[in-house]
Each structure stands twice: as C-alpha cells, then as structure tokens.
Amino acid sequence: MLLALGFTGANFWIWALAGAALLFGFGAPAWLWIIYGALTALFGVPPLRRVLLTSGLVKFIKAKNLLPAISDTERTAIEAGSVWVDGDLFSGKPDFGKIMKESYPDLGPEEQAFLDGPAEEICRMSNDWEVQLRRDLPPEVWQYMKEKGFLGIIIPKEYGGLGFSPSANSAIVAKLMSRCGPLAISVMVPNSLGPAELLLHYGTDEQKNYYLPRLARGEEMPCFALTEPGAGSDAGSMAARGVVFRGEDGKLYIRLNWRKRYITLAAISTVIGLAFKLYDPDNLLGKGKEVGITCALIPSNTTGVVLGRRHDPLGVPFYNCPTEGQDVVVAIDAIIGGAEQAGNGWRMLMESLAAGRGISLPASAAGGTKLAARAAGAYAAIRKQFGLPIGKFEGIEEPLARIGGYAYILEAGRRFTCGGLDKGQKPPVITAIAKYNFTEILRKAVTDAMDILGGAAISRGPRNVIANGYMGVPINITVEGANILTRTLIIFGQGAIRCHPFAYKEITALMENKLADFDRYLWKHVGHVIRNMFRSMLLSVTRGWLSISPVKGPTATYFRKLSWAGASFAFMADVAMGNYGGDLKRKEKLTGRFADILSWLYLGSAVLRRYEAEGRKKEDLPLVHWSMKFALAQIQEAFDGIFQNMGFPFKGPVSLWSRFNNLSAMPSDTLGSQVARILQAPGEQRDRLTRGMYFSFDPNEALGRLENAFTLVTQADPIARKIVQAVREKKLPKDALERLAARAVEAGVITKAEADLLARAEEARNDAVQVDSFTLSEYMSSAVIKTPSGNGSKKPEMAH
C-alpha cells in the first residue's frame, strides 16, 4: 500500500486514512492514536501548520540560504518567455500522450514555394569557395537577397515582408547553411535578435511604419550591438551608456558612448540596434537616475558613430565587426518603443532570445549535419582502399553511423521545436537546449566527416565540401550565449527554477514574505518529492515497466525508459536543490550534468515525435533505435557523474539505487552498421534523411561531383560484381577492374553498354577523390594574411 500511494502521488488525506487503517488493523493503543491525530492535524491543517511548523522553517531556510536569492536581472530572465514541454519533463511524470500530440508542422504552400524557388536559386548563385576567395558574397547575391525578401522573412506582409513562420525561417536558414555559411549568416542575422524582431514586439507604430518596410525591402541593413570587451556572456555588465539631457530646443535627447565587438553586419549596416545602460541624472523621464538597460535604433550615419572595420572569425567571410560611438546624440524617441520602454531593454532581449535561440543556430546545425551526412556517405561508398569501398570497413562505419544518427536527431529536434514556436510558445529553456546541443552535435558530426574524408577534407579548394564548415563550427558554439554558459547556467540553472512546478513560486513567496503562499507551495513540493522518489525507485527496479507508453510497438520501451529517466531526474534535481540550496548555481559541473539529462529527455521525445509524425516508417527504425539508445546513454552518463560527485546524506541506499538506475548502453555495432548503410545507399530513405538541404547534381561542383560519382558507382556495382565473380571462376585473369572490362565483354561476362557504364563510373570515381592544388603564385595571390592596422584599443604600457 505504501508503494502504491507513493508511486501514484496520493494526496495527504489519503495517506492519513491509510495510516489510520493500519493503526486500526494493528489495534493501536489510545496514546498512539492521540499522537497520530496530533501529527495529522499539524501537517494537514494549514493554519495550524503555518504557525507551528512553516514559520520556523522559513527562518531556518533564510538563515541557511537553502533557497537561492534572485536579483532583478535574474528574475527578468527567468520570467521571460513561457514554459512548454519542459514543464512536463521537469515534473517527474511526463505526459507523453500529450507530448506526442504537439505540433510537428510542415511548411505552408507559400513557404514551401519560397524554399523550392528563391531559396534554391540563391543557393545556386552562391559558390562557397568563391565567397571565400572574394571575402564576401557576390553583389548579385546581395541584390537578389534584397529583391526576394530574404531580409524580411519575419516581417509581416502588412509591412512588406514575407511574414513566414518560425518553421519556414528555420528551414530557409538550414538550406542556405548546407550550401554556404556566409550566405546563411547574412540572412539569419536580420531575422534573428535585432531591429526587426524588437520593433515587431515593442516598437511604436511610428517606428514600425518607418523602419519595417525599409528593412523588408533591404533599403536598411540592420545590425544589433550587444557584446563588449568587458561584457560577453554577462551582458548585464555592459559599459555602453547613454545620458538623458534636455536640448536647447527644450526636447529630450540621449548622449551615447559605446565600444562593441563581434557585431554581425555592422560595417555595412545603415541602422544599429544598440543595447546600453541609460542614466537620467535629472530624472527627466521620471524613472530615477539609473534607468537601466535600454535598446535604441541609431542610424549608422549619425555623427560620432564609428564603423568600417571587421573581425576575421576563423577566416569565415561574413561581416563581423567592432563599432564605437563617441558622444552620439539621438532624440529620446530613438528608444525602441519610445520613452515608455526606457529601462526595459533587458526584458526585450531575454524575451526575444527565448524564441530566437531555437531558430537560427539550430537550423544551421541541422543543415550542416545533413551536408556532412550526404558528403561522408557518398565518399565512403566511392573511395576505395585495399580493393574495397572504405564504407565497408567497420572503422568508417562507426563515425558514419554517428553522423546518420545525428542528422535524424537534429531534424527531429528542429521541427519539433519550431512546432512550439509556430504556436506562439517562447520557451527559453527548450531553445537553450536546442542551441547548445545542436551546435555541439554539429561539431561532432563535422569532425567525423573530416575523419572519413581524410585528405580530401583537409585540402582546401573548390572540390572541398567540408573544410569551410569545419572552420566555422566554433562560431556557432560561441554566439548567442557561449555553450559552456548555456549548459551550466541556463538549461538547468534557469530550468530548475522556471520549469519546476513549485520552486519559483516558493522563492517568490519567500522573497515577498507571503507565509500562506509559501506554506501551500512548500508542502505540495514535499509531496512532489515523495512521489518522484517512489516513482524513481520502482521504475528503476522494474526497468520502467510500471510506466505506461502512449503507443504500442517497437518504440514503446523508449517511452517507458524516458518516463523512468524523468522520474529519477526530477527526484535528483530536488535532492540537489535541497542539498546545496542557493549554492547549487555555483556547482556548475553538477548543473551541467543535470542539463544533459534534461536535454536528452527533450531530444529523445523529439525523435519519438518524428517517428510518429512521419507515419512510423519501418525502414527508419534503425535510425530511431540508434537515436534513442544514444539519447538514453547520454542520460545514463550524466546520472553516473551525478551519483559519483554529488554529496548525499545516505550514501549506502543511494549507491544501491544507482546500480538499478541503468538506462541503456550505447548503440550496438550491428545497429551502427545498419545506419551507416543507409547513408551509402541512394534512394528515398537517404534523400528523406537529408531533405531540405541544397542538392547540387552538377558534376563540376564539389557536392555534385560526389553525388554524380556515387550514383554511377552504385549503378555499376552489379556489373563490377559480375567481373569479380568471373575472376573467381577463372574466366578472367586477375587485374584492375577497368582493365578487365574489355576482356569481360569479349568473354560475354558483361555487355558493351555495361562496360561503358563501368568506365564512366570509374572515371567519375577517380575524379571525385581528387583534391585541389595550386601553383605557388595562385596560392600566394589568394593569401589574406595581413597585419591589422589596429584593434580598437590603446597599446598597453610596458610594466616596470
């Protein structure tokens, strides 16, 4: 009975009745009934409990700092956006029936037409190697980008934009990234955190009517200046400042000074979205002397604005630049939203990032991983060593399987996340999960592709499809919140408070000295912990079989294991919060492991949602099994780290429990081989795995050359096997395949047409594995290594 009540989360009075039944059954004496009644009243009657118990606990909690204090800045970040399926995953009892009904949308007809039309065309117009050489996109690409509305994807049609959904925005960026990194970046930035996004949500009608049509048409080129030398991940410490003053004409103005860096598109911008701290020494706005972080629009040609320099981010030629402002004066109505929005900039940024983190960089990672899968699979099938395609060797199969699994996971996560964003959700924890994990997985996928392609991947030139992406991967890792910070502080640090059913309510009640509210939430929290403790233990012992799967079939076991993992995660999260209290935020190695568990609970759910949404295709089961086993293994690894490193009051029971909490091993070699074969087999399944990327079948281009050879070699493979069999049967002598073709025709082993196909396949194979080389003068003429004329800072004095 105890196990059943704990597992189901029975309320207090059911527990009380069960206890009374036990006392009655055992014939308890009167004094025991009196004690039991007193304890029942103490815990079950709220007014009595508040006076005799909770009030004392409040004093103890404050004295011991058991709940973290939250600053106004942290509070704004926590309250930004919304809680979505992350609330379910944090509950300890996720409702997968509901999660499987969440949207997994296709694009609308107009959006799909744009993806198949202008997006396809601008990819065709852009050659990644030529962009590298010229250090910029061609003028005709910039012009086409403006004419076709690429800079106004998110701007509503009423202002002249495309008015597309987050799903379409994501799909466009993914496609462009699979073709050319600088192209994708130049499109994603104006449609991410910046002037257009901020104006849409916070701008005045006058600002919207003036700027949005101009941004949509490409008449204005926006940038957004946030990062500074002393304010990177800690954006709240920015030094950029603006001071309100009254001009001689009696109107209010702001005098601005700033030094920003890493600002994409700044050097070619016409309007700068600027984040700064606003001060009002004379309280002219009536908001005090320190107004707070504010966002404003600054025309780039304003006196005192300094542009014209650019950084060189790992050689990837997109405009990433410093900018300075020296006594720049703008009217007060330059503030986005007008003077009323002065000091509201931090909230603007947090709310915008709550959605934006889930679009651009995850889309880039999905597109890049699809390219890696397509290229590595083709190369593994056509490149021969020791007489065999290298894809036949298990050493190649292993990284190839990872790339295939990663591609399936990322597209599942991309579309599932965008489904929530399309419905208006702005879940900062989910989008942080997407940003961090997608970019980290891209890093692994591209590294695996580099290993598979070997010399063909490290020799740069127009034939190389991987190297430029490999160079750009760390950029994705760094921007929109460096990944180390995102993992350790945002995913779990913010999630533990915002997504937890009671934690933030308790903290708020405690900070506001609302004893009744704190009492209510605290004891609900206690019940929540007890339920998850029982669920975790029983699901661990039964390997998840006590949980209910919303589906039947080969994926039912994964729903049960995710439920099991969810219960253990929720319980351990509460143990960590109780154990470390307000110090938990500084235990970043632990919070990082909790973030990994929450991340893979989400990504595993997305994989299962994809399988359901795509009609449970049987041929996709190797990808589903690999992805889910990988997800569960990542969760298990994180649990192992928590059990090993977190301090527990009861080491023995926890150690015993940890042995049962064994979710999954990594995918088997056999399963990996099945996934690797999918990438090396032309057809609908390989095309579906990489759907949405840019396909080039031009044999004069890098990817097209690989695809052409891959197709011909696959078509010629049965012919080659005939010749090999003839050699084994002594009908033909041992020799190189291409030299045996003519003899095979003479011997009647193959036809003349088959010999011609074999010759074309071998010619294409030989061409596809070649690498670029340059004359010494060609190589030196393309070199861009120069000494910069300055770095925007004064030369330091020599120490004495």
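Within any chain, residue numbers begin from 1 and follow the written order of that chain's sequence. For this predicted model, a pLDDT threshold of at least 70 governs which residues receive local features, and a threshold of 80 or more governs which side-chain atom pairs are given and counted, while totals over whole chains, interfaces and linings are taken from all residues. Values reported for side chains reflect all heavy atoms of the structure, with hydrogen atoms and water molecules removed beforehand.

## Topic: the overall build of the protein
This is how the line gets drawn: Here a strand is any run of E in DSSP of at least two residues, a helix any run of H or I of at least four, and the numbering for each starts at the N terminus. Relative accessibility decides the category of a residue: with a 1.4 Å probe and only protein chains considered, values under 20% of the type maximum give buried, values over 50% give exposed, and everything between is partly exposed. The Shrake-Rupley method, run with a 1.4 Å probe sphere, supplies the accessible areas, and residue values consider only the shown protein chains as cover.
Helices and strands together make up the secondary structure of the protein, namely 35 helices and 9 strands. With the C-alpha coordinates of the protein rotated into their principal frame, the extents come out at 105 × 85 × 65 Å. Classification of the 800 residues of the protein by burial places 56% in the buried group. Accessible area of the protein: about 35100 Å², with a carbon and sulfur share of 56%.

## Some remarks on empty space enclosed by the protein
If a probe the size of a water molecule is rolled over the atoms, the empty space left behind becomes visible. This is how the line gets drawn: Of the grid points, spaced at 1 Å and generated over the protein atoms alone, those admitting a 1.4 Å probe that cannot get out make up cavities, while open sets with protein on both sides within 12 Å along at least five of seven lines make up pockets; any residue with an atom within 4 Å of a point is treated as lining. Grid points are joined across faces, edges and corners, and a volume is the space filled by probe spheres set on the points. Ten residue types, Ala, Val, Leu, Ile, Met, Phe, Trp, Tyr, Cys and Pro, are classed as nonpolar, four, Asp, Glu, Lys and Arg, as charged, and the remainder, Gly among them, as polar.
Taken as a whole, this structure holds 2 cavities of 30 Å³ or more when the rule is applied. Here the lining of the largest cavity gets 3 residues from one element, more than from any other, and that element is helix α32 (residues 702–728). In terms of residue class, the lining of the largest cavity is made up of 8 nonpolar, 3 polar and 3 charged. Considered as a void within the structure, the second largest cavity measures approximately 30 Å³ in volume. What lines the second largest cavity is Lys370, Glu411, Arg415, Arg610, Glu614, Arg688, Leu689 and Arg691. Sorting the residues of the lining of the second largest cavity by element identifies α18 (394–422) and α31 (684–689) as the ones contributing at least two each.

## Some remarks on the environment of Glu120
Its location among the elements puts Glu120 in helix α9 (residues 118–125). Sequence separation between Glu120 and Gly160 is 40 residues; the distance between their C-alpha atoms is 22 Å.

## Focus on the environment of Asn11
Definition in use: Side-chain atoms alone can form a polar contact between residues adjacent in sequence; in general such a contact is a pair of N or O atoms within 3.5 Å, and within protein one must be able to donate a hydrogen while the other accepts it.
Tracing the backbone through its elements, the reader meets Asn11 in the loop between α1 (2–8) and α2 (12–25). C-alpha of Asn11 to C-alpha of Ala354: the two residues are 343 residues apart in sequence and 35 Å apart in space. Polar side-chain contacts of Asn11 include one of 3.1 Å to the backbone nitrogen of Ile14.

## Re the packing of helix α19 (residues 428–453) against helix α22 (residues 483–491)
As a reminder, the rule being used: To obtain each axis, a line is fitted to C-alpha atoms, and for helices this fit is confined to the stretch in contact; angles are then taken between N-to-C directions over 0 to 180 degrees. Crossings are assigned a handedness: left-handed for a near helix turned anticlockwise from the far helix by less than a right angle, right-handed for a clockwise turn. We call two residues in contact when some of their heavy atoms are within 4.5 Å.
The interhelical angle for the contact between α19 and α22, taken along N-to-C directions, is 150°, at an axis separation of 10 Å. Here α19 and α22 pass one another in a crossing that is left-handed. Taking contact as the criterion, the partners of Val429, Ala432, Ile433, Lys435, Tyr436, Asn437, Thr439 and Glu440 in α19 are, on α22, Asn483, Thr486, Arg487, Ile490 and Ile491.

## As for the packing of aromatic side chains
This is how it is decided: Each pair of aromatic rings taken from Phe, Tyr and Trp, with Trp reduced to its six-membered ring, is defined by centres within 6.5 Å and is described as stacked if the planes are under 30 degrees apart, edge-to-face if over 60, and tilted in the remaining cases.
Overall, the coordinates contain 27 aromatic pairs when judged by the stated rule. When the centroid spacing of 5.6 Å and the interplanar angle of 85° are considered together, the rings of Phe43 and Trp523 count as edge-to-face. You can see Phe43 sitting in helix α3 (residues 30–44) and its partner Trp523 sitting in helix α25 (residues 515–541), a full 480 residues away along the chain. Judged by its relative accessible area of 32%, Phe43 is partly exposed. A centroid spacing of 5.4 Å and a plane angle of 75° characterise the contact between Trp600 and Phe630, whose relative ring orientation is edge-to-face. A residue pair is termed long-range when its members are at least 10 positions apart, and Trp600 in helix α27 (residues 588–613) and Phe630 in helix α28 (residues 621–645) qualify at 30 residues.

## Thoughts on the pattern of salt bridges
Convention followed: By definition here, a salt bridge exists when the distance from a side-chain nitrogen of Lys or Arg to a carboxyl oxygen of Asp or Glu is within 4 Å.
Per the stated rule, a full pass over the model turns up 41 salt bridges. Its salt-bridge partner being Glu228, residue Lys260 comes within 2.9 Å of it at the nearest N-O pair. Of this pair, Lys260 sits in strand β3 (residues 252–264) while Glu228 sits in the loop between β1 (222–225) and β2 (241–246); the two residues are 32 residues apart in sequence, bridging distant segments of the chain. The pair Lys260 / Glu228 is uniform in exposure class, with both members buried. Note that Asp767 and Arg463 form a salt bridge whose closest N and O atoms lie 2.8 Å from each other. Within this pair, whereas Asp767 is found in helix α34 (residues 752–768), its partner Arg463 is found in the loop between α20 (455–458) and α21 (467–478), the two being separated by 304 residues in sequence. On the accessibility criterion, Arg463 (24% relative accessible area) is partly exposed.

## Digging into the packing of helix α14 (residues 195–202) against helix α16 (residues 345–356)
For the record, the criterion: Small angles under 35 degrees read as roughly parallel and large ones over 145 as roughly antiparallel, with 65 to 115 read as roughly perpendicular and the rest as oblique.
Close contact between α14 and α16 brings their axes to 11 Å; oriented N to C, the two are set at 105°. Considering the angle they form, α14 stands roughly perpendicular to α16. Facing Glu197, Leu198 and Tyr202 of α14, the residues of α16 in contact are Arg347, Met348, Glu351 and Ser352. Among the residues forming the contact of α14 with α16, the class breakdown is 3 nonpolar, 1 polar and 3 charged.

## A short note on the side chain of Asn464
Inspection of the secondary structure puts Asn464 in the loop between α20 and α21. Only 2.9 Å separates the side chain of Asn464 from the backbone nitrogen of Ala467, close enough to count as a polar contact. Those residues within four positions of Asn464 in sequence are excluded, and the remaining contacts are Ala456, Ala457, Ile458, Ser459, Ala702 and Asp772.

## A look at α2
Here is the rule we go by: Helices are assigned an expected span. That span is 1.5 Å times one less than the residue count.
Helix length check: α2 (14 residues) gives 20 Å between terminal C-alpha atoms against 20 Å at 1.5 Å per residue, within 8%. Where α2 is concerned, the buried positions are Ala16, Ala18, Gly19, Ala20 and Leu23. Where α2 is buried, its residues touch α1 and α3. Measuring from the side-chain oxygen of the N-cap residue of α2 to the backbone nitrogen of Trp13 gives 3.1 Å; that N-cap residue is Asn11. Just downstream of α2, Gly27 is the residue with a positive phi angle, here 65°.

## Side note on the pairing of strand β4 (residues 271–279)
We count it as follows: Whether two strands pair comes down to DSSP finding at least two bridges between them.
Of all 9 residues making up β4, 7 are buried, and the element is well covered by its neighbours. Alignment of β1 against β4, held across 4 bridges, turns out to be parallel. Following the sheet pairing, Pro222 is matched in β4 by Val271. Where β4 lies against strand β5 (residues 290–299), 9 bridges are found, and the strand directions are antiparallel. If you follow Ile272 over to β5, its bridge partner there is Ile298.

## Regarding the confidence of the model for the protein
Basically, it comes down to this: The quantity known as pLDDT measures the predictor's confidence residue by residue, on a range of 0 to 100.
Scored by pLDDT, the protein comes out at a mean of 92, with 96% of its residues at no less than 70. Within the model, the stretch residues 793–800 combines pLDDT values under 50 with 1 contact to residues more than four positions away or in other chains.

## Some points on the state of the cysteines
In plain terms, the rule: Criterion for a disulfide: a pair of cysteine sulfur atoms within 2.5 Å.
Summed over all chains, the structure comprises 0 disulfides. In this structure Cys321 is not part of a disulfide, and its nearest cysteine sulfur, from Cys223, lies 8.0 Å away. The class of Cys321 is buried, set by a relative accessible area of 0%. We note that Cys499 lacks a disulfide partner, and the nearest cysteine sulfur, in Cys418, lies 19 Å from it. For Cys499, a relative accessible area of 4% corresponds to the buried category.

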